[in-house]
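# Structural characterization, general
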Amino acid sequence: MTDIAIIGGSGLYHLETMENSHSDTVSTPYGPPSDALTSGSIQGEQVVFLARHGAAHTIPPHRVNYRANLWALKHRGVRTVISVCAVGGIRTDLGPGSIIVPDQIIDYTWGREHTLYEQDLSEVTHIDFTDPYCSELRKALINAAADAAIGIAPTATYGATQGPRLETAAEITRLERDGCDIVGMTGMPEASLARELGLCYAAIAVSANDAAGRGDGPIEMDAIKTHLDTGLRRVNQILQRLLLARR
């Protein structure tokens, strides 16, 4: 049984360091997950990997079946989930290439299937979401980055927007007024569903671009890819350190 899972966001569709891997599909009460679950070992630790947008990046953020993804991981026996995601930097020190471990989140999404508790209930179910990320896993990520000598931002508020379009400059100004430091499209309801399922969940984010109106000129997709490639190589080093420390 595998304890830990990694959900890969934009730019991360497989784990090159995974050994002895095999993939299989999982059926869930909520429909199919984004992709098959790939199991294998990294640094001697058994890991499950799931590509959030599918292996060919064909599922936009608002159409990701977050409920199926998290249910499938829980069903597999996973207890700890690391979300790797791409974001835009709102705060001036979180420009392209920055690595961030957020500690708070504000949800601006709408119309998504955001709870497991909505049918055939014996009573209404609420979860405490004061601190949306698992403090133990956040600490492990921060320590792993220090061990790898990789500088990160150890706190930030993630603004989760609907997508798939990027935001306007005025929307980013609103998010900044609200206290958001980074902006992405997949942070919710993934984090709250993980909490409903009792999973220890945390995110490690790569700043792929300056948020709208915060950089020079329009946001270029080619530049995003370049920054993601660079940032994800560093994230991979952090993940390897974390997994090595779990042995």
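Anyway, here's the lowdown on the structure attached to this text.

Here is what the cut-offs are and how they apply
Residues numbered from 1 in each chain as written. Predicted model: local features only at pLDDT ≥ 70, side-chain atom pairs only at ≥ 80, totals over all residues. Heavy atoms only, no water. Salt bridge = Lys/Arg side-chain N within 4 Å of Asp/Glu carboxyl O. Helix = DSSP H or I, 4+ residues; strand = E, 2+ residues; numbered from the N terminus. Buried < 20%, exposed > 50% of the residue type's maximum accessible area, 1.4 Å probe, protein only. 1 Å grid on protein atoms, 1.4 Å probe; cavity = no way out; pocket = protein on both sides within 12 Å on 5 of 7 lines; lining within 4 Å. Points joined across faces, edges and corners; volume = space filled by probe spheres on them. Nonpolar A, V, L, I, M, F, W, Y, C, P; charged D, E, K, R; others polar. Core = buried A, V, L, I, M, F, W, Y, C linked by side-chain atoms within 4.5 Å. Contact = heavy atoms within 4.5 Å. Axes fitted to C-alpha atoms, helices over the stretch in contact; angles between N-to-C directions. Parallel < 35°, antiparallel > 145°, perpendicular 65-115°, else oblique. Left-handed = near helix turned anticlockwise from the far one by under 90°. Pairing = 2+ DSSP bridges.

## Observations concerning the pattern of salt bridges
As enumerated under the stated definition, the model contains 12 salt bridges in all. Here Asp3 ties to Arg246 by a salt bridge, and the two come within 2.3 Å at their closest N and O atoms. Here the residue Asp3 occupies a position in the segment before β1 (4-8), and Arg246 occupies one in helix α5 (residues 221-246), the gap between them amounting to 243 residues. Overall, the relative accessible area of 32% leaves Arg246 in the partly exposed class. Salt-bridge contacts for Arg214 lead to Glu176; the nearest nitrogen and oxygen are separated by 2.9 Å. Of the two residues, Arg214 sits in the loop between β10 (200-210) and α5 while Glu176 sits in helix α3 (residues 169-178), which places them 38 residues apart along the sequence. Residue Glu176 is classed as partly exposed on the basis of its relative accessible area of 40%. A single salt-bridge network, built from bridges that share partners, covers Asp3, Glu45, Arg79 and Arg246.

## Some points on the layout of surface pockets
Its boundaries defined by the atoms lining it, the largest pocket holds a volume of some 600 Å³. For the largest pocket, the lining is made up of 31 residues, of which Ser10, Ala86, Leu166, Ile224 and Leu228 are closest to its centre. Listed by contribution, the elements that provide at least two residues to the lining of the largest pocket are β5 (80-89), β9 (182-184), β10 and α5. By residue number, the principal contributor to the lining of the largest pocket is α5, which donates five residues. Counted by class, the lining of the largest pocket contains 18 nonpolar, nine polar and four charged residues. The space that makes up the second largest pocket amounts to roughly 290 Å³.

## Here's the deal with the nonpolar core
The biggest cluster of nonpolar side chains holds 35 residues, and the ones touching the most others in it are Leu37, Leu73, Val81, Val87, Ile100, Tyr158 and Ile182. Broken down by secondary-structure element, the contributors of at least two residues to this core are β1, β4 (45-51), α1 (66-75), β5, β8 (157-160), α4 (190-196) and β10. The leading source of residues in this core is α1, at four residues. Filtering out sequence-adjacent residues up to four positions away, Ile100 remains in contact with Val87, Leu94, Ala153, Ala156, Ile182, Ala203, Ile204, Ala205 and Ser207.

## Regarding the packing of helix α2 (residues 135-147) against α5
Packing of α2 against α5 brings their axes to within 8 Å, and their N-to-C directions diverge by 110°. It follows from the interaxial angle that α2 and α5 lie roughly perpendicular. The two elements α2 and α5 cross, and the hand of that crossing is right-handed. Touching Leu137, Ala140, Leu141, Ala144, Ala145 and Asp147 of α2 are Ile238, Leu239, Arg241 and Leu242, all from α5.

## Remarks on the environment of Ile42
In this structure, Ile42 sits in strand β3 (residues 37-42). On the basis of relative accessibility, which here comes to 3%, the residue Ile42 falls in the buried class. For the pair Ile42 and Gln240, spaced 198 residues apart in sequence, the C-alpha separation works out to 7.0 Å. Apart from the residues lying within four places of it in its own chain, the contact partners of Ile42 are Leu15, Thr17, Met18, Val47, Gln240 and Leu243.

## Observations concerning the pairing of β1
In terms of residue burial, β1 counts as a mostly covered element, since five of its five residues are buried. Neither face of β1 is open: one carries Ile4, Ile6 and Gly8, the other Ala5 and Ile7, and all of them are buried. Relative to β4, β1 runs parallel, the two being bridged by five bridges. Of the residues in β4, the one forming a bridge with Ile4 is Val47.

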